[in-house]
Each structure stands twice: as structure tokens, then as C-alpha cells.
Amino acid sequence: MINSKGQTGTVEVEVFDAVKLKDQLVEIIKTAPKPNELVDFINKGGYSYIADLTLSPENAEKYMTLAEQSLATGVYKFDLYYAKVYNRYDIVDQIFDVQQKLVTKIGLQSDIASMKKYNDRIKQNKENTDSLNIIISAVMNELSQSYLTGEHSGVYALSYVSANIEGLYILTQIASMAKDNSELLKLIGQQKERVKTNYMLLEIMAADAAVAPIFEKMKPIMDSFSNTQEFSAKQLAEVAPLIEKLRTDIVK
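Each value, and the rule that gives it
- Note that residues are indexed from 1 along each chain, following the sequence as it is written.
- Where totals are concerned, whole chains, interfaces and linings use all residues; where local detail is concerned, this predicted model gives features only for residues with pLDDT of at least 70, and gives and counts side-chain atom pairs only at 80 or more.
- With hydrogens and water stripped out, all remaining heavy atoms of the structure feed into the side-chain values.
- Runs of H or I in DSSP of at least four residues are treated as helices and runs of E of at least two as strands, each being numbered from the N terminus.
- Burial status follows relative accessibility: with a 1.4 Å probe on protein chains alone, a residue under 20% of its type maximum counts as buried, one over 50% as exposed, and anything between as partly exposed.
- The contact definition used throughout considers only heavy atoms, calling two residues in contact when any of these lie within 4.5 Å.
- Here, a salt bridge means any Lys or Arg side-chain nitrogen found within 4 Å of an Asp or Glu carboxyl oxygen.
- Take the residue count of a helix, subtract one, and multiply by 1.5 Å to get its expected span.
- Every residue gets a pLDDT, meaning the predictor's confidence in that residue, from 0 to 100.
- Two rings belonging to Phe, Tyr or Trp (six-membered ring only in the last case) form a pair when the distance between their centres is within 6.5 Å. Interplanar angles under 30 degrees mark stacking, angles over 60 mark edge-to-face geometry, and anything in between is tilted.

### Comments concerning the overall build of the chain
(1) Moving on: The number of helices and strands found in the chain is 11 helices and zero strands.
(2) Moving on: Helices (α) and strands (β) of the chain occur, in sequence order from the N terminus, as α-α-α-α-α-α-α-α-α-α-α.
(3) Moving on: Per-residue burial over the chain gives 52% buried out of 252 residues.
(4) Moving on: Residue pairs in contact within the chain that sit at least 24 positions apart in sequence constitute 75% of those at least 6 positions apart.

### Examining the pattern of salt bridges
(1) Moving on: Applying the stated criterion to the full structure yields 10 salt bridges.
(2) Moving on: Note that R247 and E166 form a salt bridge whose closest N and O atoms lie 2.7 Å from each other. Separated by 81 residues along the polypeptide, R247 in helix α11 (residues 233–251) and E166 in helix α7 (residues 153–177) bring together distant segments of the chain. Like E166, R247 is buried.
(3) Moving on: The salt bridge involving K186 is made with E183; its shortest N-O contact spans 3.5 Å. Of this pair, K186 and E183 both sit in helix α8 (residues 182–189), separated by three residues, roughly a single helical turn. Per residue, the accessibility class of K186 equals that of E183, and both read exposed.
(4) Moving on: Among the charged side chains, a network of salt bridges with common partners joins K217, K245 and D249.

### Here's the deal with the environment of P213
(1) Moving on: With respect to the helices and strands, the residue P213 is situated in helix α10 (residues 212–226).
(2) Moving on: Remark: the alpha-carbon pair of P213 and L246, spanning 33 residues in sequence, is separated by 9.3 Å.

### Here we look at unusual backbone geometry
(1) Moving on: Positive phi, normally seen in glycine, also occurs at N87, with a value near 60 degrees.
(2) Moving on: Examined against the element boundaries, N87 turns out to sit in the loop between α3 (66–85) and α4 (89–106).

### Focus: α8
(1) Moving on: All of the buried residues along α8 are L184, L185, L187, I188 and G189.
(2) Moving on: Tucked inside the fold, the buried residues of α8 contact α2 (36–44), α7, α9 (192–205), α10 and α11.

### Thoughts on α4
(1) Moving on: Relative to the 26 Å expected for 18 residues at 1.5 Å per residue, α4 spans 25 Å between its end C-alpha atoms, a close match to the ideal helical length.
(2) Moving on: With its phi angle positive at about 90 degrees, G107 sits one or two positions after the end of α4.

### Let's talk about the confidence of the model for the chain
(1) Moving on: Confidence in the prediction for the chain averages 83 pLDDT; 80% of positions are at 70 or higher.
(2) Moving on: Looking over the chain, one finds the lowest element-wise mean pLDDT in helix α5 (residues 109–124), namely 68, and the highest in α11, namely 95.
(3) Moving on: Under a pLDDT of 50 for its full length, residues 1–15 has, in the predicted model, 34 contacts with residues more than four places off or in other chains.

### What to know about the packing of aromatic side chains
(1) Moving on: For the coordinates displayed, the defined rule picks out six aromatic pairs.
(2) Moving on: With centroids separated by 4.5 Å and ring planes inclined at 45 degrees, the aromatic side chains of Y49 and Y82 adopt a geometry described as tilted. Placement of the pair is Y49 in the loop between α2 and α3 and Y82 in helix α3, with a sequence separation of 33 residues.
(3) Moving on: Ring geometry for F225 and F231: centres 4.9 Å apart, planes at 40 degrees, overall tilted. Of the two residues, F225 and F231, neither departs from the other in class, the shared state being buried.
(4) Moving on: Through pairs of rings, three or more aromatic residues link up here, namely Y49, F78, Y82 and Y86.

Structural data, given as C-alpha cells:
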């Protein structure tokens, strides 16, 4: 496969026709829960930032195929917002750099232009938290519009899915570690629509050999959320390892 930069040999040929399906993918994402909402919920609950739960920027170099890069982009996008909300701009700077490299490899021209536009401003305002907060919010808002254009819809759909899986992973891990997780259990129980949306997107793309294993691992997670309105500690103990396994397979 040749991407928009004319590069070959680093991505797999897609089986599903993302161009034909783009309207369907875009329409689902347009009305779906936003990954960033999970960070806001965690922050408002007073839970600490845990860097060890995020994907190390050092991992970015090992993702070679289009599917791997698309999935990694989503994970890093969530982690970028997670770090930003907790004012961890040392980590924001690292993630922003690897995110730029990934979108360049994929050839996402609109994302490349957006990130280049804001890169110098981020570097110049490293010590100014208020300015960085405004700049990062602006670039993330601009990047989020890429999901809705329809261009590279398969890439953006995978990125959206992985961002949500990263959010569910961090949420369930924090809930598993918290002494009092009653509010987090309520929050997890409210994620049925988010899980359903991810399931629907993966089902559409499951003809792709790179997506099929992810879809299969999403099925038991979907079942866990389909059968309950509220989550108990027992249910958390059952679903958290499923989400962790899926997330591990995405970033391995």
C-alpha cells in the first residue's frame, strides 16, 4: 500500500473498503461519546494521575503497519489529554512529539498541518501552564475535527476506538486500585453506549485481518456491558482483565 507521502512497505493492504464505508463510520463517530470525557470524569472525582498506566512514548517507533500506527495514534491522543488535564506538560511535550511522527508516517495531512502550526508555540510556552493549557486545548479541538471529515475514515475510526479503549483501561485500573470505588463503579456502568459504539465500528471493519482479532476480544466486553446497568465489584473484577488484555494487544 502507498500512503499520501508515496511511502511503501510500512503498512498493510486494507481488506475493508474504508472509502465506501466512510459515511457510516463518520456518522457513528459524530454522535458517539467522546474519549476525553473519561479523563474529565476521573479528574473531577479527585483521582490522581498515574503515568504508569499510559503508553510510553518510546513505544512509538515499533509500530510499522497502518493498523498499528492508527491504533497507537488513538492511544497517544487519549494519553495526551490525560496528561494535559493533570498539568503534566513534561509528558504532554513527549507525547506531542511522537504523535507528530505517527501522523506523518500515516500521511494524515490535516493533522500534520495542525500539529506543525502549534508545535513552536508549545515549545515556547513550556513554563507557562496557562498558555500551554489554551494551546493544547486548541490543537486537540482542531484534531478532533479530523474524525468528521471522512478522509482517512478507516484510520480515524481505529484511532477513535483505541482512544476509548485506553480510557476504559485507565478507568477500570483506577477503579480496581481505589479503596472506595463506588463512584467509579457507577461511572463504569454508564459506559454502555461508549462500548456499543466501539463494538459497532470494529464490526464494520472486522473484514480487515488486522481488525478482526480486536473485534473478537471486544465481544465479551460488549456482553459484560449489555447485561447490566450498574457495575458491582465482582463485575469489575471480571471486565477489567478483558479490557486490559485488549489494550495490551493494541499497544504490544
